[in-house]
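# Chains, contacts and geometry: an overview
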Amino acid sequence: MSEQPEQPVPPVAREIGVPAMALIVLVGVSGSGKSTFARRHFGPTQVISSDFCRGLVADDENDQSATPDAFEMLHHIVGTRLRRGLLTVVDATSVQYQARQQLVALAKAHNVLVDAIVLDVPAELAVERNATRPDRDFGPHVITRQHKDLRRSLGKISRDGFRRVHVLRGAEIDNVTITLEPAWTDLRHRTGPFDIIGDVHGCSSELETLLSTLGYQDGRHPQGRTAVFVGDLVDRGPDTPGVLRRVMGMVEAGTALCVCGNHEQKLVRALNGRKVRVAHGLAESLAQLGEADPEFVTAATAFMDGLISHYQLDEGRLVVAHAGLKEPYHGRASGRVRAFALYGDTTGETDEYGLPIRYPWAEEYRGRAMVVYGHTPTVEPEWVNNTICLDTGVVFGGRLTALRYPERELVSVPAEQVWYEPARPLAGPPQRDPAALDIGDVRGNRFVETRFGGTIRIREENAAAALEIMSRFAVDPRWLVYLPPTMAPPETSRLDGYLEHPAEAFEEFAAAGVTRVVCEEKHMGSRAVAVLARTPEAAEKRFGVADGGAGMVYTRTGRPFFGALMGELVDGLRAAAEPLWAELGTDWLVLDGELLPWSAKAESLIRGQYASVGAAAGAALPEVVAALEAAAGRGLDVGSTLDRARRRQDNAARFRDAYARYCWPVSGLDGVRFAPFQILAAEGRATAVHQPHDWHLDLLARLDSPLIGPTRRVYVSLDSAESRDAAVAWWEAMTAAGGEGMVVKPVERPEGRVQPGVKVRGQEYLRIIYGPDYTESLDVLRRRFLGRKRSMALREHALGLEALSRLADGEPLWRVHEAVFGVLAMESEPVDPRL
Ligand code: UTP
Ligand code: MG
C-alpha cells in the first residue's frame, strides 16, 4: 500500500463583495502586489494605475517628476469613467490619507459608492519582491516609509468615507473571490408590465378601488403585472396602517415594488423615537399606528426603513422615484441622490404659503428613460419631456392615479371625500414653455438616433447654418414638426436623348425586391407642409400655440407662405380636410404636398434667373440666325453653324415655354392650389410610417375644394412589361404636354437602404435646370455624380419619419425638433443643386 501524499493546507478562502458600479481604491505599499491583484480580478480598462498615467504624461513610468501631472491625469480619467457609470479601480499606493481623500471626493462628486481594498503585506516581503524589479530602483527606506503611513492609516481608514474597507492579509490575498453586487436601485432586469401608483397618503379605500380597477385580485394581478408605488403611502389620510398592510403584503409576495417617499422617511424617524416636527399629517399616522398591533408597527417601521430611493426598471427605460430624478442620478447612490429622489430639487425660495418652491427639473430633463414620480400634487398628470407626476392629490379630495407601463395609459379613481385640507391649492398642469427650445439641443456635432436609418450625424457647420435659418426666417417653431426630405433622381438614363427616364427607376426598385410602385405626377410648384388643427383650441392643446391660429403652411426650409394670406389659406385647407377628422379620429393633421403655381412663391427667382436667360436668348438668337442666313445667301459655307444657331433659337423658345407653363397670375388665393400627396401624421399615428401610398392617395382624393388640386397617378406592377410600358407612355405624354415629370415610390416600403422615392423629370423640364442647350451636351451631363444626393435623400427621409414618430408618440417638442433640425442642417451640405 502506497502512502497517501500529504494534504495541502486548505487555502484561506475569503469572499468580498464590491458594488458593480463603484470606485475601488487599492491600498498597499509598493511591492504589495496591487497591480498583480488588479490584473487578476478586473478587466484591463477598468484598472487605472498611477504608473500608466505617469507613462502617458512622461513616456516613462518611473519619472517621479511627472507625479503631479500623472495624478491629475489619473483623476481626469477616473472622473470621466465614473460620470459614464463604469466600474473603476485605482492602482496607486494610496497609503496617505490625502491621496485617498481625493479619490473619495471624486467618487462622491459622481454619486458613486467607493470601496477600499487594502493589501496588508509585511514590509520585508515587499522589499524583497521589489529587489528583483528593474523598474523599482528605490531603496528599502521608501517602502518602510509607505508601510509606516499605511499602519497609521489603518486605524482610522473606516472614517475616510469608504462604503466598506476590505483588508486582506497573507494567504487571503491570493485566495479571495470578488463578487460584483448590483446596486439596490438596479432592477433593470424586471421588464414589467407595471402599474405605477401615485401618492396614496393613507387613502386605503381608494387604493383598494384603484387596485381592483387595474385588475388586481387580493394584491395579485392575474396577468402577472407588478404594481410600483411612488412612495408617500402614509400620513394625512384615514388609514395609513391599512395602506401599509396592503403594500407590505404585495411587496413581500413579489407583486409590488415601492420606493421611499419623504413622508416614510420622516415617519420612520418619528417611530424610532427621533425628534421630528409633527406636522403635514404625521400626527394622524402616529395616532393610527398607536392603535395598531405593536408587532405590525415594528414590521412596518422596518419596511419603511428599508425602502430605497429609486428604481431603474425595464433595461433602464423606466425610472421610478418619489420626487423624480434627473438623468445623471439614475442608478447612482449618494446622499445627494437620495435627497433629490425624496424631496426633489428646490430653488431655495418659499412661496406665499411658506412652502418650498420646487425646481422644475422635468423641464430640463433630456434623458432617455421615462421618469415616473409623485410628490407634487397636481390637478391633471401631464407629460413633460418623458416624465410624469402621478400625484393627483387623493387625500386632498382629488384622485388616486396609476400609469400603466408600457401602455402609457392613465387610470384613476376619485377621492371619496376631502380627507385633509391642502396648505396651498393643487398646482395646475405644469406650465411648459414650448417656444423655449434650448439652443444646446441642436448646436455642435450631433448624432440623432432614428428607428428608420440608424444614427445620423449632423455636422457642426451644417447645424450652424440651420440655426441661422431657424432663428431668422422660420415659422413659429411649435409648428415646425416636419421638413420634407430631398429626393434623388434615378441612375442616369442610357437612352438616347434622355438624362432621366422611368426605365432606371423601375429597374432600381425591382432590384430591391419591390413588386408594385406608384407613379405620381410631379407638380411644379413649391413643396409645402400644412399643419392643420380642427379648431384653435385643438391647436393650443396639441401645438401649444394660443394665438388663435389653427395651422401653418411652410416651405421645405420652414418659411411661411404668403404672410398676410396665411390665415385664409389655413382656414381653406382646414375646411377641405373636414372628411379626415372623423375618418382618422384626430383633431390635427400634418399634410405633405405641393403649392401651386410655382410663381406664387418663386416669382423673383423666375424673373431674375430664368426670364432673363429667356429674354437674352430671345433677343440675340434671331439676329444671329438672320446674319448667318444672309451669309449663306451670299454663298458662304456656314451650314453647320446656321443649323446650330437655328437649334439654339428653337431651344430658347422651348426654354421659355417650359418655365412659363408653371406660372400663372393669382389674385389673393384665387388661382392658388394645394396638391396633397401624403398624410404625414395625426393623433397617435405617424401615418407616413405605417400606411402604404395607395391609402394616402385614396383618402386624399376624397377632399373636395377649389383649393385642393389632384395628384394624378398610375400604379405599376414591375413584373409586367406592359404595365411598365404603360407608365412610360403616361410619363411621356405628361412631360410632352409640359409636365415636370413624376415621382416613383414603392407602394409598400421594403426593408433596407432603398430610396423612398425617385423623381424622373421630363426632357423639357430639365431644360430649365440644365440650360436651354443641355440636349447638345448630354454626354458630359451623363457623368453627373448622384451618390451624395442619394445618400442625403435616405438620411433626410429617416430623420423626417423619426420626427413624425416622435410627434405622434407625444414626445416633447425638443425631441421632434432634433430630427427636423437635422433635415434642415443636412440641406446645407454641398450637393449639385441640379439634381
Ligand atoms: P506588483 O507589481 O503587483 O506590486 O508586485 P505593486 O503593489 O503594484 O507595486 P507598485 O506599487 O506598483 O510598485 C510586485 C512584484 O511582486 C510580485 C510581482 O510579480 C512583482 O514582481 N508578486 C506580487 C509576487 O511575487 N507575489 C504576489 O502575490 C504578488
Ligand atoms: Mg503596481
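In the annotation of an unreviewed UniProt entry, the entry for the protein chain reads Polynucleotide kinase-phosphatase, and the organism field reads Acrocarpospora corrugata.

This next bit is on the overall build of the protein chain. For the protein chain, the count of helices and strands is 28 helices and 29 strands. The C-alpha atoms of the protein chain give a radius of gyration of 36 Å, which is well past the 28 Å a tight globule of 835 residues would have. Each principal axis of the C-alpha atoms in the protein chain carries an extent, and together these give about 125 × 80 × 65 Å. Out of the 835 residues in the protein chain, the part that is buried amounts to 51%. Relative to all contacts within the protein chain whose residues are 6 or more apart in sequence, the contacts with residues 24 or more apart total 73%. Within the structure as shown, the protein chain displays about 38200 Å² of accessible surface, and the carbon and sulfur contribution to it stands at 51%. Side-chain charges of the protein chain comprise 96 positive and 111 negative groups, with the mean position of each set lying 4 Å from the other.

This part covers the site of ligand 1. Taken together, the residues surrounding ligand 1 are Val29, Ser30, Gly31, Ser32, Gly33, Lys34, Ser35, Thr36, Asp51, Arg129, Arg133 and Arg136. The backbone of Gly33 places a nitrogen or oxygen atom 3.0 Å from an oxygen atom of ligand 1. Arg129 places a polar side-chain atom, nitrogen or oxygen, 3.3 Å from an oxygen atom of ligand 1. Isolated, ligand 1 exposes 600 Å² of accessible area, and the fraction of that covered by the protein chains is 73%. Residue contributions to the shell around ligand 1 peak at 3 residues, all from helix α1 (residues 34-41).

Contact geometry of helix α10 (residues 262-271) with helix α12 (residues 294-305) gives a least axis separation of 9 Å together with a crossing angle of 135 degrees. As the angle between them shows, α10 and α12 are arranged oblique. Judged by the sense of rotation from one axis to the other, the crossing of α10 with α12 is left-handed. On α12, the residues touching Glu264, Leu267, Val268 and Leu271 of α10 are Val297, Thr301, Met304 and Asp305.

Turning next to the environment of Ala126. Secondary-structure assignment places Ala126 in helix α5 (residues 123-131). Distance in space between the C-alpha atoms of Ala126 and Leu700 is 83 Å, their sequence separation being 574 residues. With residues near it in sequence (within four places) discarded, Ala126 still touches Val29, Ser30, Gly31, Ser32, Val121 and Ile143.

Bringing the packing of aromatic side chains into the picture now. When we look at a pair of aromatic rings, we describe it by the centre distance and by the angle of the planes. Taken as a whole and judged by the stated rule, the model has 10 aromatic pairs. Considering the side-chain rings of Trp479 and Phe543, the 5.3 Å spacing of their centres and the 40 degrees angle between planes classify their relative orientation as tilted. Within this pair, whereas Trp479 is found in the loop between α15 (460-473) and α16 (502-511), its partner Phe543 is found in helix α17 (residues 536-543), the two being separated by 64 residues in sequence. Comparing Trp479 with Phe543, the two get one shared label, buried. Between Tyr770 and Tyr774, the ring centres sit 6.0 Å apart and the planes meet at 25 degrees, which makes this aromatic pair stacked. A residue is classified by how much of its surface remains accessible, and Tyr774, at 1% relative accessible area, is buried. Aromatic ring contacts, followed pair by pair, group Tyr329, Phe340, Trp361, Tyr365 and Tyr373 into a single cluster. Between Arg408 and the ring centre of Trp383, over which it is positioned, the NZ or CZ distance is 4.1 Å.

Inspection of the secondary structure assignment puts Glu520 in strand β22 (residues 516-522). Overall, the relative accessible area of 2% leaves Glu520 in the buried class. Look past the residues within four positions of Glu520 in its chain and what remains in contact with it is Phe677, His693, Leu697, Thr711, Arg712, Arg713, Trp730, Gly741, Met742, Val743 and Lys745.

As a further point, take unusual backbone geometry. In this structure, Pro193 follows Gly192 across a cis peptide bond, with omega equal to 0 degrees. Relative to the assigned elements, Pro193 resides in the loop between β8 (186-187) and β9 (194-197). Cis geometry marks the peptide bond from Tyr405 to Pro406, where omega comes out at 10 degrees. Mapped onto the elements of the fold, Pro406 is located in the loop between β18 (399-405) and β19 (409-414). In the Ramachandran plot, Arg408 falls in the positive-phi region, its phi being about 60 degrees despite a non-glycine side chain. Tracing the backbone through its elements, the reader meets Arg408 in the loop between β18 and β19. Arg408 sits in the partly exposed class, given a relative accessible area of 32%.

Under the defined criterion, the tally for this structure stands at 53 salt bridges. Among the ionic pairs, Glu776 bridges to Arg644, the shortest N-O distance being 3.6 Å. Remark: Arg644 occurs in helix α21 (residues 639-660) and Glu776 occurs in the loop between α25 (763-770) and α26 (778-781); sequence separation between them is 132 residues. Arg644 sits in the partly exposed class, given a relative accessible area of 40%. Taken together, the shared-partner salt bridges in this structure form one network comprising Arg451, Glu802, Arg806, Asp809, Glu811, Arg815 and Glu818.

With that settled, consider the sheet that holds strand β28 (residues 741-746). One open sheet holds the 4 strands; their spatial order is β27-β22-β28-β29, and the pairing between them is antiparallel. Each edge of the open sheet is held by one strand with a lone partner, namely β27 (713-717) and β29 (758-761). Mean inter-strand twist for the sheet, computed between neighbouring axes without regard to direction, equals 25 degrees. Sheet topology places β22 next to β28; 6 bridges connect them, and they run antiparallel. Paired with Val517 across the bridge in β28 is Pro746. The strands touched by helix α24 (residues 721-736) are β22, β27, β28 and β29; relative to β27, the strand with the most contacts, the crossing angle is about 155 degrees.

What follows concerns α17. Turning to α17, its buried residues number three or more, namely Ala538, Ala539 and Phe543. Angular distribution of buried residues about the axis of α17 spans 105 degrees; they occupy a single face of the element. Exposed and oriented more than 90 degrees from the buried face of α17 are Glu537 and Lys541. Against the buried residues of α17 lie β23 (526-533), β25 (588-596) and α27 (787-808). Immediately beyond the C-terminal end of α17, within one or two residues, lies Gly544, with a positive phi of roughly 70 degrees.

With that out of the way, let us pick up the environment of Val379. Relative to the assigned elements, Val379 resides in the loop between β16 (370-373) and β17 (387-389). Using a relative accessible area of 45% as the deciding quantity, one classes Val379 as partly exposed. Remark: the alpha-carbon pair of Val379 and Asp391, spanning 12 residues in sequence, is separated by 8.5 Å.

The strands making up a sheet associate through hydrogen bonds between their backbones, and the pairing can be parallel or antiparallel. Read across the sheet, 5 strands follow the order β11-β10-β9-β18-β19 without closing on themselves; strand pairing throughout is mixed. A single partner strand is all that each edge strand has here, and the edge strands are β11 (256-258) and β19. In this sheet, neighbouring strand axes are inclined to one another by 20 degrees on average, regardless of whether the strands run parallel or antiparallel. Sheet topology places β18 next to β19; 6 bridges connect them, and they run antiparallel. Across the sheet, the residue bridging to Thr401 is Ser412, located in β19. Lying over the sheet, helix α9 (residues 240-253) contacts β10 (226-229) and β11, oriented at roughly 115 degrees with respect to β11.

Conventions adopted
Residues numbered from 1 in each chain as written. Chains lettered and ligands numbered in written order. Predicted model: local features only at pLDDT ≥ 70, side-chain atom pairs only at ≥ 80, totals over all residues. Heavy atoms only, no water. Helix = DSSP H or I, 4+ residues; strand = E, 2+ residues; numbered from the N terminus. Rg over C-alpha atoms; globule rule 2.2 N^0.38 Å. Buried < 20%, exposed > 50% of the residue type's maximum accessible area, 1.4 Å probe, protein only. Contact = heavy atoms within 4.5 Å. Areas by Shrake-Rupley, 256 points an atom, 1.4 Å probe, with all protein chains shown as cover. Lys, Arg positive; Asp, Glu negative; His and termini not counted. Charge placed at Lys NZ, Arg CZ, Asp CG, Glu CD. Near = heavy atom within 4 Å. Polar contact = N/O pair within 3.5 Å; in protein donor to acceptor, adjacent residues only side chain to side chain. Axes fitted to C-alpha atoms, helices over the stretch in contact; angles between N-to-C directions. Parallel < 35°, antiparallel > 145°, perpendicular 65-115°, else oblique. Left-handed = near helix turned anticlockwise from the far one by under 90°. Phe/Tyr/Trp six-rings, centres within 6.5 Å; stacked < 30°, edge-to-face > 60°. Lys NZ or Arg CZ within 6 Å of the ring centre and 35° of its normal. Salt bridge = Lys/Arg side-chain N within 4 Å of Asp/Glu carboxyl O. Pairing = 2+ DSSP bridges. Arc of directions from axis to C-beta.

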